[in-house]
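Reading the structure
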Amino acid sequence: MIVDIEVLQALYPSPAFKSKTPLLAGEKVYRVGVGGGRHYQRGNGRIYKSLTTTLAAVMPPSEQLETWRDAMADQLGSTSLADQYVEYTADYGTLLHIAVADFVRDGNVDWYAKKMWFAAQLSEIGLKDKALNAATNELVKDLAAMVQFFYDYRVEVIAVELPVFLDCGVATLVDLVCRMDNKANDQTVLEAANRHNAIVNLKSGKKGFFDTHVLQLEGERRAFNETYSKLVGYEIQEVYNLAPTAWRGTPKYKIKNQTEAANKISDLFSLY
């Protein structure tokens, strides 16, 4: 059995958010990986099961995910190579999240420096030669797509990679908590933007959004509201999935408002 322990904090809490949540926003949380499952331990010693680990244990297999995994196994030649591919994509997504947090914190991107950093990190996880070059260039493009989203929706960041908790014993990290417009900023009257607080779950894959993503968002929404709503004075209602697309000329992304879908499966989430 392999045990990995990692100390976590929010990659970025806004000054306003941090001032309202001084203990929670600065709290060290330990993410513990045991035999492929993730758990979180807070400073007070309480242990929480990961939201993704919980959902994977109790819900039936996703037909979409199983079909995708089978297709990858056929394409790569074996299930072990498909599993390795999944590990690489998880690391790829982590690098994209860190880069987004850096952009939020710095307010800009040094594209050459970021490309070199991507290449160094991808090399450490085992990519070489053409695969390394392709993945590095793709990460740069994906980051550009995320920056485009921030501009289009006039995103005001509240927190990035924020630990949140449910009293039932489940925890997770929220990719992005923000205030944003309800559509890309092609409107001429700012009052028509219907700005609102939201959770946005970033996906690095380009194969679309799955049913499991909606359950993840419902868990994140509940956990944020249970952990922070009384402190910050508002609840999160709107939830989105966001992913870069395979663009060529201009940075592009796909975004889906999953709020209605999350509302519909709320009872199912409670059952799980």
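Look above for the structure.
Below you will find a few notes about this structure. Being a predicted model, the structure only gives us computed values, none of them experimental.

Cut-off values and rules
- Residues numbered from 1 in each chain as written.
- Predicted model: local features only at pLDDT ≥ 70, side-chain atom pairs only at ≥ 80, totals over all residues.
- Heavy atoms only, no water.
- Helix = DSSP H or I, 4+ residues; strand = E, 2+ residues; numbered from the N terminus.
- Buried < 20%, exposed > 50% of the residue type's maximum accessible area, 1.4 Å probe, protein only.
- Contact = heavy atoms within 4.5 Å.
- Areas by Shrake-Rupley, 256 points an atom, 1.4 Å probe, with all protein chains shown as cover.
- Salt bridge = Lys/Arg side-chain N within 4 Å of Asp/Glu carboxyl O.
- 1 Å grid on protein atoms, 1.4 Å probe; cavity = no way out; pocket = protein on both sides within 12 Å on 5 of 7 lines; lining within 4 Å.
- Points joined across faces, edges and corners; volume = space filled by probe spheres on them.
- Expected span 1.5 Å × (residues − 1).
- Core = buried A, V, L, I, M, F, W, Y, C linked by side-chain atoms within 4.5 Å.
- Phe/Tyr/Trp six-rings, centres within 6.5 Å; stacked < 30°, edge-to-face > 60°.
- Lys NZ or Arg CZ within 6 Å of the ring centre and 35° of its normal.

Okay, the overall build of the chain next. If you tally the helices and strands in the chain, you get 10 helices and 10 strands. Put simply, the chain has 272 residues, and 46% of those count as buried. Residue pairs at least 24 apart in sequence account for 62% of intrachain contacts in the chain once pairs closer than 6 positions are excluded. As displayed, the chain has an accessible area near 14,400 Å², and 53% of this comes from carbon and sulfur atoms.

With that settled, the discussion passes to the pattern of salt bridges. A complete count under the given rule lists 10 salt bridges for this structure. Residues Glu 218 and Arg 221 are paired through a salt bridge, measuring 2.5 Å at the closest nitrogen-oxygen approach. Residue Glu 218 and its partner Arg 221 are located together in helix H8 (residues 211-232), separated by 3 residues, close to a single helical turn. Taken individually, Glu 218 and Arg 221 each receive the classification buried, so the pair is uniform in this respect. Ionic pairing is found between Lys 264 and Glu 260, a salt bridge with its closest N-O pair at 3.6 Å. Here Glu 260 and Lys 264 lie together in helix H9 (residues 259-264), a separation of 4 residues that amounts to about one turn.

Remark: the empty space left among the atoms is shown by a probe the size of a water molecule rolled over them. According to the stated counting rule, one finds 1 cavity of 30 Å³ or more in the structure shown. Taken as a whole, the largest cavity holds about 40 Å³ of empty space. The wall of the largest cavity is formed by Gln 9, Ala 10, Leu 24, Ala 25, Glu 27, Val 29, Pro 163, Phe 165 and Tyr 228. Breaking the lining of the largest cavity down by element, the ones donating at least two residues are helix H2 (22-25) and strand E6 (156-166).

What follows concerns unusual backbone geometry. Phi is positive for Asp 129, which is not a glycine, with a value near 50 degrees. Structurally, Asp 129 is set in helix H7 (residues 129-152).

Residues spaced three or four apart along an α-helix point in a common direction, a consequence of the helix completing one turn every 3.6 residues. Helix length check: H7 (24 residues) gives 35 Å between terminal C-alpha atoms against 34 Å at 1.5 Å per residue, within 8%. Backbone geometry just after H7 places Arg 154 at a positive phi near 45 degrees.

The next point concerns the nonpolar core. Counting residues in hydrophobic clusters, the biggest one holds 37 residues, and the most contacted among them are Phe 149, Phe 150, Met 180 and Val 200. Elements that contribute at least two residues to this core include exactly helix H5 (79-106), helix H6 (111-124), H7, E6, strand E7 (170-180), strand E8 (196-202) and strand E9 (238-244). If one sorts the elements of this core by residue count, H7 sits on top with 10 residues. Here Val 200 is in contact with Phe 149, Asp 175, Leu 176, Cys 178, Met 180, Tyr 240 and Leu 242, once residues within four sequence places are set aside. Formed by 27 residues, the second largest nonpolar core is a distinct cluster that contains Leu 162, Val 170, Val 177 and Leu 215.

Let's shift gears to the packing of aromatic side chains. Going through the model one piece at a time under the given rule, you end up with 11 aromatic pairs. When the centroid spacing of 5.6 Å and the interplanar angle of 50 degrees are considered together, the rings of Trp 117 and Phe 118 count as tilted. Under the relative-accessibility criterion, Trp 117 is labelled partly exposed at 27%. When its relative accessible area of 0% is taken as the criterion, Phe 118 is described as buried. Joined through ring pairs, the aromatic side chains of Phe 103, Phe 149, Phe 150, Tyr 153 and Tyr 253 make up one cluster. Cation over ring: Lys 114 sits above Trp 117, and NZ or CZ is 5.2 Å from the ring centre. Positioned over the ring face of Trp 247 is Lys 141, at 5.1 Å from the centre of the ring.

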